[in-house]
Amino acid sequence: MGDLRIEKLAIDYGARAVIQGLDLDVHDGEMVSLLGPSGAGKTTILKAVAGLLEPSGGNILIDGHSVRGVPPEKRNAVMVFQKPLLFPFMNVSQNIGFGLRMRGQAGGETARHVDHILALTRLEGLSRRKVHELSGGQQQRVALARALVLKPSILLLDEPLSNLDATLRQRMRELIQTIQSETRMTMLFVTHDQSEALMLSHRVALLLDGRLRQVGAPRQLFHHPADPEVARFFGGKNFFQGHIQNGMYHSDFGVFAVGPQDGNGHLRTATIRPEDIRIVPRRAESSGGLAGRIVKTNFEGSATRIVVACSAGELVVLTSQDGFLPGQEVEVTVPPDKLRLFPDA
Amino acid sequence: MTRSVRRMTGWIVMTAVGLPFGPLILWSFSERWFFPGLWPQAWGLRAWTYIASTAGMQVMAAIGHSVVVAAVTAAIAVAIGLPAGRALGLYTFKGKDLVSVILTLPIIVPPLCVAMGLHLWFIRLGLAETYAGVIGVHLTFCLPYAIFVLWGVFSNYNPEFEAQARSLGASRLAVITRVMLPMILPGLSVAALFAFLLSWSQYLSTLIIGGGRVTTLPVLLFALMGSGDRPVAAAVSLVFVAPAFVALLFSARYVGTRSLTGVH
Ligand SMILES: Nc1ncnc2c1ncn2[C@@H]1O[C@H](COP(=O)(O)OP(=O)(O)OP(=O)(O)O)[C@@H](O)[C@H]1O
Ligand SMILES: [Mg+2]
């Protein structure tokens, strides 16, 4: 069993409210990412669930029971911090066995559990190492192993990969994913990296300014953001203003057929992802797109980011084609089916 | 630092520390040593036999008093210095600057003034000429040092280790004994060592508050020096610096500079 329910959680540091009215459910065996920019309050939420911080309001239930007033060591939720925080006076297996010893588990049994976790986290052979003799990635794995070995109802991970380089981070993500699917352990994973959240989790919860803006499957958040700010967080750059008239969206960037919609005549915001816009060099005969001139190009490897100035404003386009140059005259097309219309403000 | 530079520094330090000890050792083994001679004119074990047999009981008793006073002083200094250093190192609060000024006072003000000032109070409190009184006056010097060392230790201490330990199932008490104490052990040892040695070397304050009744080793040493027997005084001096020397070797070997900055 591993079930977490957060109800109307409110947390403040002194007079400053950091979290307000936050509701979140993490179901048994689920991996949920808590995604948000730096300073959004992600660590604060994890600490409250782990019992390291007293909320000012709301309730937290683990396996259906309120944990209000329950000290951290009695909660079946274990938190792994951003830094590995390995105890320097213990070797690797002593670090991993720390929690089991705190529970008063017998030495032989502890050793058996530790060996099993060492294998799971690919740390065999390092058990006698001193912690300062480990690489950053190894330290992070020991920190993970130290929590996994306790088999908590909920594992709370606070950006455990943020100090690693890109390759290592990718490997660790895969390791965490493998461990999660093998153990079916319920995990709440904090990150500020959207691709990490999208890749790792069953569901993503986006936290902006102390509030959950949208909770859902990775594809849902990415393709159907609830509001312009969610879209912006996932790299949305192009926002149109316009109104609906009989299934047509009349915007400053043109008129698009969007099918029947409610609220005829209402002002609505729409967005299109940079990679959904098509771009071609301008020719004599127009293909029916918007005319524009390239302001800037950024080569990003597999794609090139292009800023195009049209008469209605600038558009950001992401294309896999190379060869566009600043100053070049181009034509961009916005496919109406890729246009995402936000609900009425 | 290159090896040769490091070696040279080592020699300079050794010489500076060793220089006063040469004559002391020579004195303690001399029978007769008059001024122009670079060397004692007659060698002998008189001084050492004297402090081992004739004055043996006196010396042993003085060592005993010194050890007890210094150990109790160090224990109290660390016991109070630990929470105080933790509060100063980890938290910000109003009046923190004032605390640091007050702590430096006994270090800046001459010990004589402190001891004289306290003497009147201690007489009234019945602490004059008692062990408790002597330990009390030693604490006025040892406690600030202990607090300063532990303040430094906790300034570099990451309390998140404790939060992590709690989350892994450690109770409040276990966090102190199984996490905090092992983490700060090097710095804690230095603080205890400082306090012990500072108390061990107190003379004036012991004499004033103890009134000659609490005969620690320095008190005996000065009495013997007053008697004008140079070889005996030299031998007692050597006994007196022995623990400091052992402590120096110990700290150089085990703690080094790392201890003062704590562990991350
Ligand atoms: N002990 C504290 N006292 C006062 N304010 C705090 C404290 N800890 C955090 N804050 C503030 O609360 C807000 C949320 O902090 P938190 O550490 O939860 O952010 P985060 O989402 O984890 O950020 P990051 O991604 O940078 O780790 C921040 O604005 C921070 O400045
Ligand atoms: Mg954080």
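Residues numbered from 1 in each chain as written. Chains lettered and ligands numbered in written order. Predicted model: local features only at pLDDT ≥ 70, side-chain atom pairs only at ≥ 80, totals over all residues. Heavy atoms only, no water.

## Thoughts on the overall build of chain B
When you go through chain B residue by residue, the secondary structure sums to 13 helices and two strands. With respect to the three principal axes, the spread of C-alpha positions in chain B is 70 × 60 × 30 Å. Residue burial in chain B is summarised as follows: out of 264 residues, 39% are buried. Taking as baseline every contact in chain B between residues at least 6 positions apart, the subset at least 24 positions apart corresponds to 71%. For chain B, the accessible area works out to roughly 14400 Å², and carbon and sulfur atoms hold 73% of it. (Helix = DSSP H or I, 4+ residues; strand = E, 2+ residues; numbered from the N terminus. Buried < 20%, exposed > 50% of the residue type's maximum accessible area, 1.4 Å probe, protein only. Contact = heavy atoms within 4.5 Å. Areas by Shrake-Rupley, 256 points an atom, 1.4 Å probe, with all protein chains shown as cover.)

## A look at the packing of helix α6 (residues 111-125) of chain B against helix α7 (residues 131-155) of chain B
All names here are of chain B. One way to put it is that α6 packs onto α7 with a least axis distance of 11 Å and a crossing angle of 140°. Our classification of the angle between α6 and α7 gives oblique. The two elements α6 and α7 meet at a crossing, and its hand is right-handed. Facing α6, whose interface residues are Pro111, Val114, Ala115, Leu118 and Phe122, α7 presents Gly133, Gly136, Val137, Thr140 and Phe141. A class-by-class count of the residues in the contact of α6 with α7 yields seven nonpolar, three polar and no charged. (Axes fitted to C-alpha atoms, helices over the stretch in contact; angles between N-to-C directions. Parallel < 35°, antiparallel > 145°, perpendicular 65-115°, else oblique. Left-handed = near helix turned anticlockwise from the far one by under 90°. Nonpolar A, V, L, I, M, F, W, Y, C, P; charged D, E, K, R; others polar.)

## Looking at a nonpolar patch on the surface
Together, Ile25, Phe29, Leu38, Trp39, Trp43 and Leu45 of chain B make up a nonpolar patch on the protein surface, roughly 700 Å² of accessible area in all. Among the structural elements, Ile25 of chain B can be located in helix α2 (residues 21-28). (Patch = residues over 30% accessible without salt bridge, like charges linked within 9 Å, V, L, I, M, F, W, Y side chains within 5 Å. Salt bridge = Lys/Arg side-chain N within 4 Å of Asp/Glu carboxyl O.)

## Thoughts on the site of ligand 1
Residue and element names in this part refer to chain A. Ligand 1 sits among 13 residues. The nearest are Ser38, Gly39, Lys42, Thr43 and Thr44. Here an oxygen atom of ligand 1 sits 2.8 Å away from a polar atom, N or O, in the main chain of Gly39. Here Glu159 contributes a side-chain N or O atom positioned 2.9 Å from an oxygen atom of ligand 1. For ligand 1, whose free accessible area comes to 640 Å², the fraction covered by protein is 61%. Its residues assigned to classes, the shell around ligand 1 comprises four nonpolar, six polar and three charged. (Near = heavy atom within 4 Å. Polar contact = N/O pair within 3.5 Å; in protein donor to acceptor, adjacent residues only side chain to side chain.)

## Examining the pairing of strand β19 (residues 329-333) of chain A
Residue and element names in this part refer to chain A. As paired elements, strand β15 (residues 278-281) and β19 share four bridges and run antiparallel to each other. From the neighbouring strand, Ile279 faces β19, where its bridge partner is Val332. Across four bridges, strand β16 (residues 290-299) lies against β19 in antiparallel orientation. Of the residues in β19, the one forming a bridge with Gly292 is Val330. (Pairing = 2+ DSSP bridges.)

## Regarding the environment of Leu127 of chain B
All names here are of chain B. Within the secondary structure, Leu127 is located in the loop between α6 and α7. Distance in space between the C-alpha atoms of Leu127 and Ile209 is 8.1 Å, their sequence separation being 82 residues. Beyond its immediate chain neighbours, meaning those up to four positions away, Leu127 contacts Phe122, Ala132, Gly133 and Ile209.

## Quick word on helix α1 (residues 42-50) of chain A
Residues and elements named next belong to chain A. Burial analysis of α1 places eight of its nine residues in the buried class, the great majority of the element. Taken residue by residue, α1 has Lys42, Thr44, Ile45, Leu46, Lys47, Ala48, Val49 and Ala50 as its buried positions. The positive-phi residue at the C-terminal boundary of α1 is Gly51, with phi of around 90°.

## Focus on the environment of Gln220 of chain A
All names here are of chain A. Assignment of secondary structure puts Gln220 in helix α7 (residues 218-223). Using a relative accessible area of 38% as the deciding quantity, one classes Gln220 as partly exposed. Through-space distance from the C-alpha of Gln220 to that of Arg203 is 9.3 Å; in sequence the pair is 17 residues apart.

## A closer look at unusual backbone geometry
Residue and element names in this part refer to chain A. The phi angle at Arg184 is positive, at roughly 55°, despite the residue not being glycine. Positionally, Arg184 belongs in the loop between α5 (166-183) and β8 (186-191). Located in the positive-phi region is Asp209, a residue other than glycine, with phi close to 50°. Residue classification places Asp209 among the exposed positions, given a relative accessible area of 62%.

## Quick look at the confidence of the model for chain B
Residues and elements named next belong to chain B. Put simply, chain B has an average pLDDT of 86, and 94% of its residues get 70 or more. Here helix α13 (residues 258-261) is the element of chain B with the lowest mean pLDDT, 44, and helix α8 (residues 160-167) is the one with the highest, 96. Segment residues 257-264 is flagged for pLDDT under 50; beyond a separation of four residues in sequence, or across chains, it makes 16 contacts in the model. Reported for the predicted complex are a pTM of 0.84 and an ipTM of 0.86. (pLDDT = per-residue confidence, 0-100.)

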